[in-house]
Amino acid sequence: MIDYAKYANMNTRQLANALMSVEAREQKFREEAQKKLRDMQELAYFLKTKIKESLDKPKFVSLKDSGHIEKANKYLNSLTSAEQAKLRQEVDDEMNRDYGDEL
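Rules behind the numbers
- Residues numbered from 1 in each chain as written.
- Predicted model: local features only at pLDDT ≥ 70, side-chain atom pairs only at ≥ 80, totals over all residues.
- Heavy atoms only, no water.
- Helix = DSSP H or I, 4+ residues; strand = E, 2+ residues; numbered from the N terminus.
- Buried < 20%, exposed > 50% of the residue type's maximum accessible area, 1.4 Å probe, protein only.
- Areas by Shrake-Rupley, 256 points an atom, 1.4 Å probe, with all protein chains shown as cover.
- Lys, Arg positive; Asp, Glu negative; His and termini not counted.
- Charge placed at Lys NZ, Arg CZ, Asp CG, Glu CD.
- Salt bridge = Lys/Arg side-chain N within 4 Å of Asp/Glu carboxyl O.
- Patch = residues over 30% accessible without salt bridge, like charges linked within 9 Å, V, L, I, M, F, W, Y side chains within 5 Å.
- Expected span 1.5 Å × (residues − 1).
- Polar contact = N/O pair within 3.5 Å; in protein donor to acceptor, adjacent residues only side chain to side chain.
- Contact = heavy atoms within 4.5 Å.
- pLDDT = per-residue confidence, 0-100.

### Considerations on the overall build of the chain
Check the secondary structure of the chain and you find 5 helices and 0 strands. Counting the 103 residues in the chain, one finds 4% classified as buried. Total accessible area computed for the chain in this model is approximately 10200 Å², and 58% of it derives from carbon and sulfur atoms. In the chain, the 19 positive side-chain charges and the 19 negative ones have mean positions that sit 12 Å from each other.

Written out as C-alpha cells, the structure is:
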C-alpha cells in the first residue's frame, strides 16, 4: 500500500528525487521479473524436452533384439536329447497346470 500523504507536503526537489527513486526501483523490478520469466520459460522448455525424450524412448526391447533367443537356442543345443525332452515335458506340465485354486 502506498502512502500518498507523505508526498503531499514535499517540495519540487523532494518530489523529483522520489520520482527518480521510484523509476529506478520500477526498472530494477522489471528486469528481475523478466529474468525470472526467462528462467521459467527455459525450465519449461527443458522439462518438455525431457518428457518428449522419455516418451520417444522405446518402452520394451523385442525378444529378438535382446539376444535371449540366441542364448536360449545355444543352451538348448548343448543339452542331450533326453535333457531336451525332459525340459519340454516340464514346460508343458507348467503350461497345463491349473492355477484356479491358487488365485
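### Re the pattern of salt bridges
Applying the stated criterion to the full structure yields 4 salt bridges. Here D56 and K52 are joined by a salt bridge, their closest N and O atoms 2.7 Å apart. In this pair, D56 and K52 are both assigned in helix 2 (residues 12–56), 4 residues apart and thus about one turn of the helix distant. Residue classification places D56 among the exposed positions, given a relative accessible area of 52%.

### Structural notes on a negative patch on the surface
A contiguous patch of negative charge on the surface is contributed by E90, D92, D93 and E94. The topology assignment puts E90 in helix 5 (residues 81–96).

### What about helix 2?
Because the α-helix completes a turn every 3.6 residues, residues three or four places apart line up on one side. For helix 2, spanning 45 residues, the distance from its first C-alpha to its last is 65 Å, which sits close to the expected 66 Å at 1.5 Å a residue. The residue sitting at the N-terminus of helix 2 and contributing the capping side-chain oxygen is N11; that oxygen lies 3.1 Å from the backbone nitrogen of R13.

### Quick notes on the side chain of Q84
Mapping Q84 onto the fold places it in helix 5. Residues in contact with Q84, not counting those within four places in the same chain, are L76, N77 and L79.

### Some thoughts on a nonpolar patch on the surface
Together, L43, F46 and L47 line one region of the surface with nonpolar side chains, adding up to about 290 Å² of accessible area. Its relative accessible area of 42% is what places L47 among the partly exposed residues.

### Quick notes on the confidence of the model for the chain
Reading fine detail from the predicted coordinates is not recommended where pLDDT is low. Chain-level pLDDT for the chain is 90 on average; 96% of the residues reach the 70-or-more range. Mean pLDDT across the secondary structure elements of the chain bottoms out at helix 3 (residues 63–66), with 77, and peaks at helix 2, with 96.

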